[in-house]
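# Close look at the chain arrangement
So you can see what is in the structure, the chains are spelled out below.
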Amino acid sequence: MNKQEEINENDINTKNSNVKFASYLSKFKLKIFLVLFLTLLDTIIVIASPRVISSIIDNGIATKSREQIMQNGIYLLIFSLFSIVFSVITTYVAAQIGYGITALIQKDIFKKLLNFSFKNLDKFSTPTILTRITNDSDSIGNAIVFTVRMGLQAPIMFIFAIFMSYQISSDLSKIFLVIIPLLIIVIMVLFKITSPIFKESQERVDGINGVIQENIRGIRTVKTYTREEHEVTKFMKDNKLLRNVKLKVVYIMTILEPIIGVLINAALIGVLYFGGNLVFSDKLSNGQLIAFISYTSQIFTGLFLMAGILMTVFPSIVSFGRIKELLNTHSEITEKENAIKIGR
């Protein structure tokens, strides 16, 4: 690993240290800029594509012009190829950023543990340390991979899709004044309900790790006194608690997903019904209606991507808070200023 990607060890071991997430992101400035730039280009292509399709229908199919169909078709094909290239590059680089930061965090946690005194280790149990260096670190990495790519694309797609749909038909765009606020309310309710569950889930993982650690350390004692059944029962108790926490999310999504589906389908039905009337009255062309439907899909996609970012980022914030608590803990072991360093 490059020295430029390392957080100063002295900063971590200082009494008044305050590890910040920005200190990790700063090591990947160029890669983050590359991902954001290519994501912006990809988003522009996505937003422009419905206009090209509209032109194919209105200027090509409606006028029976093969030249227009071929010309716009080639543009659409070129857009698709560029979009694929941009998507592959951004996915690859975003993965390097996310899991590179995960590796840095795990390294810093390990270094910190080596400098802990027994008093420090009494504060953090082994199960919670294992959870923080594995599950919590992975949660942060996954959130970064998703957020670096979608954090720019989602809001831009959402805003510009609304703008483009308004340009096509301001009357038809009034449907969004009803549907979008309702969707936002549903998503916020979902977020508020599920947020506490993420923290509880990590605590349940700590409990399972604790039971596993106890059994690995005391396996000879367990076998000697034939306590296998007791330990299995003990493990299943913690395992069921974790399962119940996971099921809470599933139950909530089972209720809210149909509600979201109904709202989206209601919006599409409204677009088709009122848009069809506009087409019949020659206030809207067939190509424009299809483009409007595409932008409607992009609005919902952007909205759900932003919701997905929130749902992904919140657990990672909780995870980084747990990791930050460990990294900011002052080690009780101190060295004299003139101490001789051995083996370094």
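That block above? That's the structure.
Predicted, not measured: the structure shown is a model, and the values here were computed from it.

This paragraph deals with the overall build of the protein chain. Summing up its helical and strand segments, the protein chain has ten helices and zero strands in all. Secondary structure elements of the protein chain, listed N to C terminal, follow the sequence α-α-α-α-α-α-α-α-α-α. The C-alpha radius of gyration computed for the protein chain amounts to 27 Å, which surpasses the reference 20 Å derived for 344 residues by more than 25%, pointing to a less compact arrangement than a globule. Across its three principal directions, the C-alpha atoms of the protein chain cover 85 × 50 × 35 Å. The burial tally for the protein chain puts 41% of its 344 residues in the buried class. Within the protein chain, counting contacts between residues at least 6 apart in sequence, those at least 24 apart form 86% of the total.

As a further point, take the nonpolar core. Counting 35 residues, the largest nonpolar core has Leu-172, Leu-183, Leu-284 and Tyr-295 as its most contacted members. Elements with a minimum of two residues in this core: helix 6 (126–168), helix 7 (176–217), helix 9 (228–280) and helix 10 (286–327). A per-element tally of this core places helix 9 first, with ten residues. Not counting chain neighbours up to four residues away, the residues in contact with Leu-183 comprise Ile-260, Leu-263, Phe-300, Leu-303 and Phe-304. Residues Ile-32, Ile-105, Ile-109 and Ile-144 belong to the second largest nonpolar core, which totals 23 residues.

What follows covers the packing of helix 4 (residues 66–114) against helix 10. Remark: helix 4 packs on helix 10, axes separated minimally by 10 Å, with the N-to-C direction vectors making an angle of 35°. Along this stretch, helix 4 crosses helix 10, giving a crossing that reads as left-handed. Residues Ile-105, Asp-108, Ile-109, Lys-112 and Leu-113 of helix 4 form the contact with helix 10, whose participating residues are Ile-323, Leu-326 and Leu-327. For the contact of helix 4 with helix 10, the per-class residue count stands at six nonpolar, no polar and two charged.

Quick look at a nonpolar patch on the surface now. On the surface, a cluster of nonpolar side chains totalling about 540 Å² of accessible area is made up of Leu-177, Val-178, Leu-182, Ile-185, Val-189 and Ile-193. Tracing the backbone shows Leu-177 in helix 7. We classify Leu-177 as exposed; its relative accessible area is 66%.

For Lys-64, which is not a glycine, the phi torsion comes out positive at approximately 55°. For Lys-64, the position within the fold is in the loop between helix 3 (29–61) and helix 4. On the basis of relative accessibility, which here comes to 75%, the residue Lys-64 falls in the exposed class. Despite not being glycine, Asp-282 shows a phi value in the positive range, around 60°. With respect to the element layout, Asp-282 can be found in the loop between helix 9 and helix 10.

Here the focus is the side chain of Ser-139. Within the element layout of this structure, Ser-139 appears in helix 6. In this structure Ser-139 touches Pro-315, Ser-316 and Ser-319, once residues within four positions along its chain are discounted.

Reading the values: rules and limits
Each residue is numbered by its place in its chain's sequence as written, counting from 1. For a predicted model such as this one, the threshold for reporting local features is a pLDDT of at least 70, and the threshold for listing and counting side-chain atom pairs is 80 or more; totals across whole chains, interfaces and linings nevertheless cover every residue. To get the side-chain values, all heavy atoms of the structure are used, and hydrogens and water are removed first. The numbering of helices and of strands both runs from the N terminus, where a helix is a DSSP run of H or I of at least 4 residues and a strand a run of E of at least 2. Note that the radius of gyration is over C-alpha atoms, with the globule rule given as 2.2 Å times the number of residues to the power 0.38. Burial classes follow relative accessibility: with a 1.4 Å probe on protein chains only, a residue under 20% of its type's maximum area counts as buried, one over 50% as exposed, and anything between as partly exposed. Throughout, a contact is declared for two residues whenever any of their heavy atoms are within 4.5 Å. Take the buried Ala, Val, Leu, Ile, Met, Phe, Trp, Tyr and Cys residues and link them wherever side-chain atoms come within 4.5 Å; each set so joined is a nonpolar core. Lines fitted to C-alpha atoms define the axes here, with helix axes fitted over just the stretch in contact, and angles between the N-to-C directions of these axes take values from 0 to 180 degrees. Crossing chirality is assigned from the near helix's rotation relative to the far helix, an anticlockwise turn below a right angle marking it left-handed and a clockwise turn marking it right-handed. Each residue gets one of three labels, nonpolar for Ala, Val, Leu, Ile, Met, Phe, Trp, Tyr, Cys and Pro, charged for Asp, Glu, Lys and Arg, and polar for the others, Gly among them. Without a salt bridge and with relative accessible area above 30%, a residue can belong to a patch; like charges are then joined within 9 Å and nonpolar side chains (Val, Leu, Ile, Met, Phe, Trp, Tyr) within 5 Å. In these tables, accessible area is a Shrake-Rupley quantity obtained with a 1.4 Å probe, and a residue counts as shielded only by the protein chains included in the view. By definition here, a salt bridge exists when the distance from a side-chain nitrogen of Lys or Arg to a carboxyl oxygen of Asp or Glu is within 4 Å.

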